[in-house]
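Coordinates in review
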Amino acid sequence: MPTHSPEAAMIEPNQTAFILKVTRPDEAELSGHLVMFYVAITTSEDEALAIVRHAVKADATVETTGVRLSQQTASALDLEAGLARAL
């Protein structure tokens with residue numbers, strides 16, 4: 001049985017779950033960089049960039065990936081519009 005209600009993460013018709021790539025310096029990594037992916041449900045990719053930039057450290061680089069989650073996947077992950085979440 002699901003732990004969240006189906007309505008909890010409903011995406012409005014004008015919203016999309018955008019996936020963004022975040023890269024930041026990390027000496028512990030062999031490449032010297034840590035790469036993570038975030039998702040944000042918004043009405044535009046620019047808004048998604050702003051939300052993720054606000055959620056990560058200032059030294060991180062945030063890039064769009066052109067990848068989007070389906071509404072079913074966003075709902076299954078219990079995502080909330082307007083918030084960034086690491087995947």
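Residues numbered from 1 in each chain as written. Predicted model: local features only at pLDDT ≥ 70, side-chain atom pairs only at ≥ 80, totals over all residues. Heavy atoms only, no water.

**Observations concerning the overall build of the protein chain**
Stated precisely, the cut-off is as follows: Elements are defined by DSSP. Helices are runs of H or I of four residues or more, strands are runs of E of two residues or more, and each kind is numbered from the N terminus. Here, residues are in contact when the closest pair of their heavy atoms is within 4.5 Å. Computed by Shrake-Rupley with a 1.4 Å probe, the accessible areas treat only the displayed protein chains as cover when residues are assessed.
Check the secondary structure of the protein chain and you find two helices and four strands. When the helices and strands of the protein chain are listed from N to C terminus, the series reads β-β-α-β-α-β. For the protein chain, contacts bridging at least 24 residues in sequence account for 64% of all contacts bridging at least 6. Accessible surface, the protein chain: about 5700 Å² in total, of which carbon and sulfur atoms supply 52%.

**Some words on the pattern of salt bridges**
For the record, the criterion: Here, a salt bridge means any Lys or Arg side-chain nitrogen found within 4 Å of an Asp or Glu carboxyl oxygen. Exposure categories follow from relative accessible area, calculated using a 1.4 Å probe and restricted to protein chains: below 20% of the type maximum is buried, above 50% is exposed, and the middle band is partly exposed.
By the definition in use, this model includes one salt bridge. Between Arg24 and Asp59 there is a salt bridge, with its nearest N and O atoms 3.3 Å apart. Of this pair, Arg24 sits in strand E1 (residues 16-25) while Asp59 is found in the loop between helix H1 (45-55) and strand E3 (61-69), placing the two residues 35 residues apart along the sequence. Taking the relative accessible area as the measure of exposure, Arg24 reaches 18% and is therefore buried. By relative accessible area, which is 40% here, Asp59 ends up partly exposed.

**Things to note about the environment of Glu47**
Considering the arrangement of structural elements, one finds Glu47 in helix H1. Separated by 29 residues in the primary sequence, Glu47 and Phe18 place their C-alpha atoms 9.8 Å from one another.

**With respect to H1**
The condition is simple: What the arc describes is the spread of directions from the helix axis to the C-beta atoms.
The complete set of buried residues in H1 reads Ala48, Leu49, Ile51 and Val52. Angular distribution of buried residues about the axis of H1 spans 165°; they occupy a single face of the element. The exposed residues of H1 that point more than 90 degrees off its buried face are Asp46 and His54.

**Section: the confidence of the model for the protein chain**
Our working definition: Per-residue confidence from the prediction method is given by pLDDT, with values spanning 0 to 100.
Put simply, the protein chain has an average pLDDT of 87, and 89% of its residues get 70 or more. Confidence over residues 1-8 falls short of pLDDT 50; this stretch has six contacts with residues more than four positions distant or in other chains.

**Considerations on the nonpolar core**
Note the cut-off: We define a nonpolar core as any set of buried Ala, Val, Leu, Ile, Met, Phe, Trp, Tyr and Cys residues linked to one another through side-chain atoms lying within 4.5 Å.
Judged by nonpolar contacts, Phe18, Leu20, Val22, Tyr38, Ala40, Ala48, Leu49, Ile51, Val52, Val56, Ala60 and Val62 together constitute the single largest core of 12 residues. Only E1, strand E2 (33-42) and H1 provide two or more residues apiece to this core. Once you skip the residues sitting within four places of it in the chain, Ile51 turns out to touch Ala40, Thr42, Gly82, Leu83 and Ala84. With eight residues, the next largest nonpolar core counts Ile19, Val39, Ala74 and Leu79 among its residues.

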